[in-house]
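Structure at a glance
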Amino acid sequence: MCGIAGAASRDPAFDVGPIVTRLTAALAHRGPDGEGFHFARGRSVGLGNRRLSIVDLPGGAQPIASEDEGVWVTYNGEIYNHLDLRRELIALGHRFRTHADTEVLVHGFEAWGTELFGRLNGIFAFALLDNRSEPGELWLVRDPAGVKPLYLGQTGPRGDTWWFASELAAARACGVVESELRPEAIDEYLVYRFIPSPGTPYRRAWKVPPGHYVRLPLARLPAEPTFQPFEARCAPATIPRTAGEWMEALRGGIRAAVRRQLMADVPVGSLLSGGVDSTVVTGLMKEGLAQPPQAFAVGFGGDSDSGELRMARQAAADLSVPLREVQVSEADYLEEWLQEVATMGEPIANTSILLVGLLCRDVRKTHKVVLTGQGADEPLGGYPRHTAERLLPFARLARPLLRLLPEGVVASDRMARMRRVAGEPDRARRFAEILAVFSPREAGALTGHGLPAEQLAAPVRRWLEPHDDGDSLNALLRVDARLSLADDLLIVADHMSMAASVELRVPFLDLELLALIERMPSRYKVSVLGERKWLYRRAARDLLPPELRSLLLGWRARTGRKLGFTTPVDQWFARWMTQEADAFLTGPSAMLPQVTGGGGAGVGRYLAEVRRRGLVRPRQVMALFVLESWLRGQSGVSKRGAPSR
């Protein structure tokens, strides 16, 4: 696990060394165990690496080259099937100098070219420099689940130099990202609460979408990147038919995924929230290790007898694994969350993920690697929004009845979204409404940009069209996993954990397991009664201690509100909305009026409408708050008016 960076210039006489050195240094927190560089074509192309050593500690320094140094790689991630690939490559005559999974990439690219990418089962972002023919090519690749982020862009007056990096904030700090914002990025953010791939907030900067690669021929660097998709070649050998067969396949798939992801030459721990997913992972880790894994849990001060900390303690006791608890004060959490919101590379309206970062600071005292239960909900149907698609026929039948309900009910956020979803015949635009914070129409009213709904649904359609097999709910789950999960939760989790030099592994996104899950009929994911992850929960019963089964697998867990942390941000935000929102979002120091139409008039009208009608819109106002805070962080403006402690 590492931080990767590099640059390539159209001008063979241009020295990219200073750019690559600065970018790599800005990623030092991602790899405190080593630093390495490789330059070619004079010094007009270069690769940089900061290493967090996990596999082959003495021999895995990067960048790594093939035998004749025709191919070089700088790589961030883990290849869980590298031993199988290594055996194939040795049989083809390749000679390995290390035991690191990294080396498989250079030999595999020599042997198979771009077919290598689909052969990999892992979490990865890497850059391959192919010097076998002059003047060479640079290839940038991101894993199919999008666990590892990868950014690229152009710098210089004419965009003559291309750069890439693991973090957008690092590139911005190094001065290679121009400050001009893309106006349409504001609309995209307001709809999704993040900016979907391949977009970023900035012109001439992009993030590689999950399961895509970019080819940059050094002889003629392009004006813009072309993102080419590739498919993971991890299809299951057989497809189960009955519910019983699917449960057995799920149990076997999860067990195999956890076993693969224990690959490390350092101790591997577990993040244990006490929910079903992290408890299953921790229990299977115990099966696969000689000693029970060290588990870690986090909660707020004074919360020792309630909430997730209590659930984690109970799960650890029933699993007989050691647990280390981290208690965070509410005041400290709010202060750090405000700082993180302002300094992220791009705005993402997420209030709870900072807990992972705070927990990983404690993890790093003894561990470099932890497994988590993250990533189960999107492909398995774990959110209420997935139930909305399952119950769509009933929602459409009920549309005429909505006019009979009191305005306070009809105007609620959930009911307003249901009406929009039920009334949208186009699948991509309907899915965009399901995922939306602000509807495309609302976003347009706020910004004044007037982007058509079809343009704002394009990120959904990217993932929908090639995989439309007629199962509407499965189509939504695939979109959710490649869009909301990859460009929101996984990016923030990577940012927070790697800030503490800790690698998060996600067994539920193991590519072999994901291939199995995505072939499972959606009727086994969300039942006709709206039970979420229902067959998986039945399968998980045999993987849980008896004492936890009723708590984690009962009716409330299958149909009720998804449990999660209630953070100080959530608790104090209501007061901020009533007392400080107008001044912060539209006052003299506000940045939003500069990026929205009418000098921020749309934002002011929205806040006034919310108050006049007594609407409850915390998700929407939170998204505005995060955007304003992020804009101020980029410009250095004070965050005065943010929630007081």
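The residue count restarts for each chain, going from 1 along the sequence in the order it is written. Residues qualify for local features only when their pLDDT is at least 70, as the model is predicted, and side-chain atom pairs are given and counted only at 80 or more; totals for whole chains, interfaces and linings, by contrast, use all residues. Only hydrogens and water are set aside when side-chain values are computed; all heavy atoms of the structure are taken into account.

The next point concerns the overall build of the protein. The number of helices and strands found in the protein is 30 helices and 17 strands. In this description the radius of gyration comes from C-alpha coordinates, and the expected globular size is given by 2.2 Å times residues to the power 0.38. A compact globule built from 645 residues should have a C-alpha radius of gyration of about 26 Å, and the protein, at 24 Å, falls within 12% of that. Projected onto its principal axes, the C-alpha positions of the protein cover 75 × 60 × 50 Å. Between buried and exposed lies partly exposed: a residue is buried under 20% and exposed over 50% of the maximum accessible area for its type, with that area taken using a 1.4 Å probe on protein chains only. Put simply, the protein has 645 residues, and 62% of those count as buried. Residue contacts are counted whenever heavy atoms from the two residues lie within 4.5 Å of one another. Within the protein, counting contacts between residues at least 6 apart in sequence, those at least 24 apart form 73% of the total. Only the protein chains shown count as covering a residue, and every accessible area follows the Shrake-Rupley method with a 1.4 Å probe. Entry remark: accessible area of the protein is about 24300 Å², with carbon and sulfur atoms responsible for 52%. For the protein, the distance from the average position of its 80 positive side-chain charges to the average position of its 75 negative side-chain charges is 4 Å. The helix and strand labels rest on DSSP assignments: H or I over at least four residues marks a helix, E over at least two residues marks a strand, and numbering proceeds from the N terminus. Note on charges: Lys and Arg go in the positive column, Asp and Glu in the negative column, and His and the chain ends are not counted at all. Every charge is mapped to an atom, namely NZ of Lys, CZ of Arg, CG of Asp or CD of Glu.

This brings us to the environment of alanine 475. Assignment of secondary structure puts alanine 475 in helix α21 (residues 472–499). Along the chain, alanine 475 and glutamate 465 lie ten residues apart, while their C-alpha atoms are 9.1 Å from each other. The contacts of alanine 475, once residues within four sequence positions are left out, are Arg427, Phe431 and Leu464.

We now examine the confidence of the model for the protein. Overall, the predicted model of the protein reaches an average pLDDT of 90, with 93% of residues at or above 70. Counting contacts from residues 637–645, a segment whose pLDDT is below 50, to residues more than four positions away or on other chains yields 31 contacts. Think of pLDDT as the predictor's per-residue confidence, scored from 0 to 100.

Moving on, we come to the packing of helix α10 (residues 330–343) against helix α30 (residues 618–635). Axis separation between α10 and α30 bottoms out at 7 Å; the angle between their running directions is 70 degrees. Comparing the axis directions of α10 and α30 gives the class roughly perpendicular. Pair α10 / α30 crosses with right-handed handedness. Between α10 and α30, the residues in contact are Trp337, Leu338, Val341 and Ala342 and Met622, Phe625, Val626, Ser629, Trp630, Gly633 and Gln634, respectively. Among the residues making up the contact of α10 with α30, the classes are represented as eight nonpolar, three polar and no charged. To get an axis, fit a line to the C-alpha atoms, keeping to the stretch in contact for a helix; angles then go from 0 to 180 degrees between the N-to-C directions. Roughly parallel covers angles under 35 degrees, roughly antiparallel covers those over 145, roughly perpendicular covers 65 to 115, and oblique covers all other angles. Crossing handedness follows the turn of the near helix against the far one: under a right angle anticlockwise gives a left-handed crossing, and clockwise gives a right-handed one. Amino acid classes used here: Ala, Val, Leu, Ile, Met, Phe, Trp, Tyr, Cys and Pro are nonpolar; Asp, Glu, Lys and Arg are charged; the rest, including Gly, are polar.

Moving on to the packing of helix α29 (residues 601–612) against α30. Interaxial distance between α29 and α30 falls to 12 Å at its minimum, and their mutual angle equals 150 degrees. By the angle between their axes, α29 is roughly antiparallel relative to α30. In the packing of α29 onto α30, the handedness of the crossing is left-handed. Contact residues: Val603, Tyr606 and Leu607 in α29; Gln620, Val621 and Leu624 in α30. Grouping the amino acids of the contact of α29 with α30 by side-chain chemistry returns five nonpolar, one polar and no charged.

Glancing now at the sheet that holds strand β15 (residues 323–328). Reading across the sheet, the five strands line up as β15-β14-β13-β16-β17 and stay open at both edges, with parallel pairing between neighbours. The open sheet terminates on both sides in strands that have one partner only, identified here as β15 and β17 (503–505). With strand direction ignored, the average angle separating the axes of adjacent strands in the sheet is 30 degrees. As defined by bridge partners, strand β16 (residues 369–371) adjoins β17 across three bridges and the pair is classed as parallel. Residue pairing in the sheet places valine 369 in a bridge with glutamate 503 of β17. When DSSP finds at least two bridges between two strands, those strands are taken to pair.

Attention now goes to the sheet that holds strand β12 (residues 227–229). Pairing in this open sheet of six strands is antiparallel, and the strands run β4-β5-β6-β7-β11-β12 from one edge to the other. One side of each edge strand has no neighbouring strand; the edge strands of this open sheet are β4 (64–65) and β12. Judged from the six bridges that link them, strand β6 (residues 122–130) and strand β7 (residues 137–142) form a sheet pairing that is antiparallel. Considered in β7, the bridge of alanine 125 is made with arginine 142.

Time to look at the pattern of salt bridges. Each salt bridge in this description consists of a side-chain nitrogen of Lys or Arg and a carboxyl oxygen of Asp or Glu lying within 4 Å of one another. With the rule as written, the count across this model stands at 42 salt bridges. Between lysine 533 and aspartate 277 there is a salt bridge, with its nearest N and O atoms 2.9 Å apart. Remark: aspartate 277 occurs in helix α8 (residues 276–288) and lysine 533 occurs in the loop between α22 (511–517) and α23 (534–540); sequence separation between them is 256 residues. For lysine 533, a relative accessible area of 1% gives the class buried. Given a relative accessible area of 9%, aspartate 277 falls into the buried group. The salt bridge partner of glutamate 433 is arginine 420, with a shortest N-O separation of 2.8 Å. With glutamate 433 in helix α17 (residues 427–435) and arginine 420 in helix α16 (residues 413–422), this residue pair connects regions lying 13 residues apart in the sequence. Each of Glu424, Asp426, Arg429, Glu454 and Arg461 takes part in salt bridges that share partners, so that together they form one network.

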